[in-house]
Amino acid sequence: MNEERIRSALSKNWVFWLYGRKGLPWYLIIAIISLLPMIIAACLAALLGVFRVYFFSFLSYSGPLVIALSLVAYHWFYVNFPRELDRLVPALDIDQAEAMAVVNKWANRVANRIEIMILAGIPIGFVGLVDTVSLWTTPTKMWLGSSWVASSRPLFFALVYAFYYVLAMGFLLGSGVAGIMGTGLIIGDMLRRPLKLDYYRRLQAVTDLSIGVGSWAFLAFAIVLIASSFIKPLSDPKVVFSSVLLSFIASVALLFAFLSPLFAGHSAIVKAKKKRIALYEQRLSQLSEQIQTAISTGTTGLEDETPVYLENLEVLYKERTLLVQQVSEIESISDWPITFANIVRFTLTALVTPFVGQISDRLVSMVTEFLP
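What you see is a predicted model, and the numbers here were worked out from it, not measured in a lab.

Undergrad: Any chance you could break down the confidence of the model for the chain for me, citing the residues and the numbers?
TA: Taken over all residues, the pLDDT of the chain has a mean of 78, while the share at 70 or more is 73%. Below a pLDDT of 50 lies the segment residues 350–372, which in the model reaches 31 contacts outside its immediate sequence neighbourhood of four places, other chains included.

Undergrad: Please provide a residue-by-residue account of helix H3 (residues 26–48), values included.
TA: With 23 residues, H3 should cover 33 Å at 1.5 Å per step; its first-to-last C-alpha distance of 34 Å lies within 8% of that length. Residues of H3 that are buried: Ile-29, Ile-30, Ser-34, Pro-37, Met-38, Ala-41, Ala-42 and Ala-45. For H3, the elements touching its buried residues are helix H2 (14–19), helix H4 (51–55), helix H5 (59–88) and helix H9 (154–190). Gly-49 sits one or two residues past H3 and shows a positive phi near 80 degrees.

Undergrad: Before we move on, can you summarise the packing of H3 against H5 with the specific residues and values?
TA: When two helices pack together, their arrangement is given by the angle between their axes and by how far apart the axes lie. Close contact between H3 and H5 brings their axes to 9 Å; oriented N to C, the two are set at 155 degrees. As summarised for this structure, H3 and H5 are arranged roughly antiparallel, according to the angle between their axes. Where H3 crosses over H5, the two elements pack in a sense that is right-handed. For the pair H3 and H5, the contacting residues are Trp-26, Ile-30, Ile-33, Ser-34 and Met-38 in the first and Ser-60, Tyr-61, Pro-64, Ile-67, Ala-68, Leu-71, Val-72 and His-75 in the second. Partitioning the contact of H3 with H5 into residue classes produces 10 nonpolar, three polar and no charged.

Undergrad: Describe in detail the packing of aromatic side chains, supporting the description with residues and values.
TA: A complete count under the given rule lists 15 aromatic pairs for this structure. Ring geometry for Trp-26 versus Tyr-27: centroids 5.9 Å apart, planes at 80 degrees, classification edge-to-face. The partly exposed category is assigned to Trp-26, whose relative accessible area is 26%. Among the residues examined, Tyr-27 registers a relative accessible area of 53% and is labelled exposed. Geometrically, the ring pair formed by Phe-156 and Phe-157 is edge-to-face, given 5.1 Å between the ring centres and 65 degrees between the ring planes.

Undergrad: For helix H6 (residues 96–111), give the residues involved together with the corresponding values.
TA: Think of an α-helix as turning once every 3.6 residues; residues three or four places apart then point the same way. Of the residues making up H6, those classed as buried are Ala-99, Met-100, Val-102, Val-103, Trp-106, Ala-107, Val-110 and Ala-111. For H6, the arc enclosing every buried residue in end-on projection is 150 degrees, short of the 170-degree limit, so these residues lie on one face. Looking at the packing, one finds that the buried side of H6 touches helix H1 (3–9), H5, helix H7 (114–137) and H9. The backbone nitrogen of Ala-97 lies 3.3 Å from a side-chain oxygen of the residue at the head of H6, namely Asp-95.

Undergrad: Break down a nonpolar patch on the surface for me, citing the residues and quoting the values.
TA: Together, Leu-24, Tyr-27, Leu-28, Ile-32, Ile-33, Leu-36, Ile-40, Leu-44, Leu-47 and Leu-48 make up a nonpolar patch on the protein surface, roughly 910 Å² of accessible area in all. Within the secondary structure layout, Ile-40 lies in helix H3. Look at Ile-40 and you get partly exposed, because its relative accessible area is 45%.

Undergrad: Tell me what's going on with the nonpolar core, and back it up with residues and numbers.
TA: Counting 92 residues, the largest nonpolar core has Met-1, Tyr-54, Leu-85, Trp-136, Met-190 and Leu-191 as its most contacted members. Setting aside residues up to four positions removed in sequence, Trp-136 forms contacts with Trp-143, Trp-148, Val-149, Pro-154, Phe-157, Ala-158 and Tyr-161.

Undergrad: Mind laying out the pattern of salt bridges, listing which residues take part and the relevant values?
TA: Scanning the entire structure with this criterion turns up 10 salt bridges. A salt bridge links Arg-193 to Glu-98; its shortest N-O distance comes to 3.1 Å. With Arg-193 in the loop between H9 and helix H10 (204–231) and Glu-98 in helix H6, the pair connects residues that are 95 residues apart, well separated along the chain. With a relative accessible area of 18%, Arg-193 lands in the buried category. Given the relative accessible area of 31%, Glu-98 is considered partly exposed. Residues joined in a network through salt bridges with shared partners are Glu-98, Lys-105, Asp-189, Arg-192 and Arg-193.

Undergrad: Just give me the short version of the environment of Thr-321, but keep the residues and values in it.
TA: Among the structural elements, Thr-321 can be located in helix H12 (residues 309–332). Taking the C-alpha atoms as reference, Thr-321 lies 9.2 Å from Leu-284; in sequence the two are 37 residues apart.

Undergrad: Now, about the packing of H5 against H9: what can you tell me, with residues and values included?
TA: Axis separation between H5 and H9 bottoms out at 10 Å; the angle between their running directions is 15 degrees. Put simply, H5 runs roughly parallel to H9. Crossing angle aside, the handedness with which H5 passes H9 is left-handed. Of H9, the residues touching H5 (which contributes Leu-59, Ser-62, Gly-63, Pro-64, Val-66, Ile-67, Ser-70, Tyr-74, Phe-77, Phe-81 and Leu-85) are Tyr-161, Tyr-164, Tyr-165, Ala-168, Met-169, Leu-172, Leu-173, Ser-175, Gly-176, Thr-183, Ile-186 and Met-190. Residues belonging to the contact of H5 with H9 are distributed by class as follows: 17 nonpolar, six polar and no charged.

Definitions and limits used
- Residues numbered from 1 in each chain as written.
- Predicted model: local features only at pLDDT ≥ 70, side-chain atom pairs only at ≥ 80, totals over all residues.
- Heavy atoms only, no water.
- pLDDT = per-residue confidence, 0-100.
- Contact = heavy atoms within 4.5 Å.
- Helix = DSSP H or I, 4+ residues; strand = E, 2+ residues; numbered from the N terminus.
- Expected span 1.5 Å × (residues − 1).
- Buried < 20%, exposed > 50% of the residue type's maximum accessible area, 1.4 Å probe, protein only.
- Axes fitted to C-alpha atoms, helices over the stretch in contact; angles between N-to-C directions.
- Parallel < 35°, antiparallel > 145°, perpendicular 65-115°, else oblique.
- Left-handed = near helix turned anticlockwise from the far one by under 90°.
- Nonpolar A, V, L, I, M, F, W, Y, C, P; charged D, E, K, R; others polar.
- Phe/Tyr/Trp six-rings, centres within 6.5 Å; stacked < 30°, edge-to-face > 60°.
- Arc of directions from axis to C-beta.
- Polar contact = N/O pair within 3.5 Å; in protein donor to acceptor, adjacent residues only side chain to side chain.
- Patch = residues over 30% accessible without salt bridge, like charges linked within 9 Å, V, L, I, M, F, W, Y side chains within 5 Å.
- Areas by Shrake-Rupley, 256 points an atom, 1.4 Å probe, with all protein chains shown as cover.
- Salt bridge = Lys/Arg side-chain N within 4 Å of Asp/Glu carboxyl O.
- Core = buried A, V, L, I, M, F, W, Y, C linked by side-chain atoms within 4.5 Å.

Below, the structure written as structure tokens:
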């Protein structure tokens, strides 16, 4: 199992298919997909005689910006999910073939299923549809698209608005919800296998994925909600309803994105600690009985001749002391694979690195080195 095999298993997912193409760099792919609809709409606006209305409206650029940010987030996931999953596997009692079987199972059931992405996007698209119908059927001067509604081609602008805020946003955010669900299912299934406690630090991969996915999900939904309140009026009951519904969807997605991998990691650590401590406690009980027997009878049960009694008693004490120290070290391992410094570090890394490159690693290190 390696990163390329994981990406190959997920290659029927549109994100992995898109960024797995050879020839075009990822940033050029994002630029083309984001700008092409805007250019086509501008050409159509010019043909319909409403180019000036289109060109000077903020709505003409907000849609492409949302698409671009979503595609940047998906590229982050394309790069980091296989890397962190490959980093996690050695910490589990699972062989390479079984690990790939888990990935293939949830890839075929969730991640590669376009119909699941569409179904996840329907509620989000419905929110945009309610907004579109409400804003075009009850014109008001209280929103940034009033010039579109009052133009000579309101149907054209309604279709442009619906393309971005019904179709594109529904599919992109719906894909994100499906991706969050698929990520949680793969990690949760992996962590049902016993954790090798000596590798517990590798569960940082779960934390990094959880924080990264949660950060991008928060950014995406925050932009949508802020843009909604900035662009559209909240006086219309239908618009208020759609905003509340979108907030609810965002809250559920964020909680699942951030908490589900962490709970799985927490459960794996607790089970591994209990198993190791139980093993040590059993040996400690045996040693205590041998020491008690040695003190009361003058023999440890480990030798035939009693003159070496003190030497064998010392061996028992040393082994018991070592095991007590081991139990204390195991108990000191945090039950949760997360710290405040990790949250800050990986949030900054996930959101900043795609835009400014590797120089962000130094900036992030400078910030987090002062954190506990």
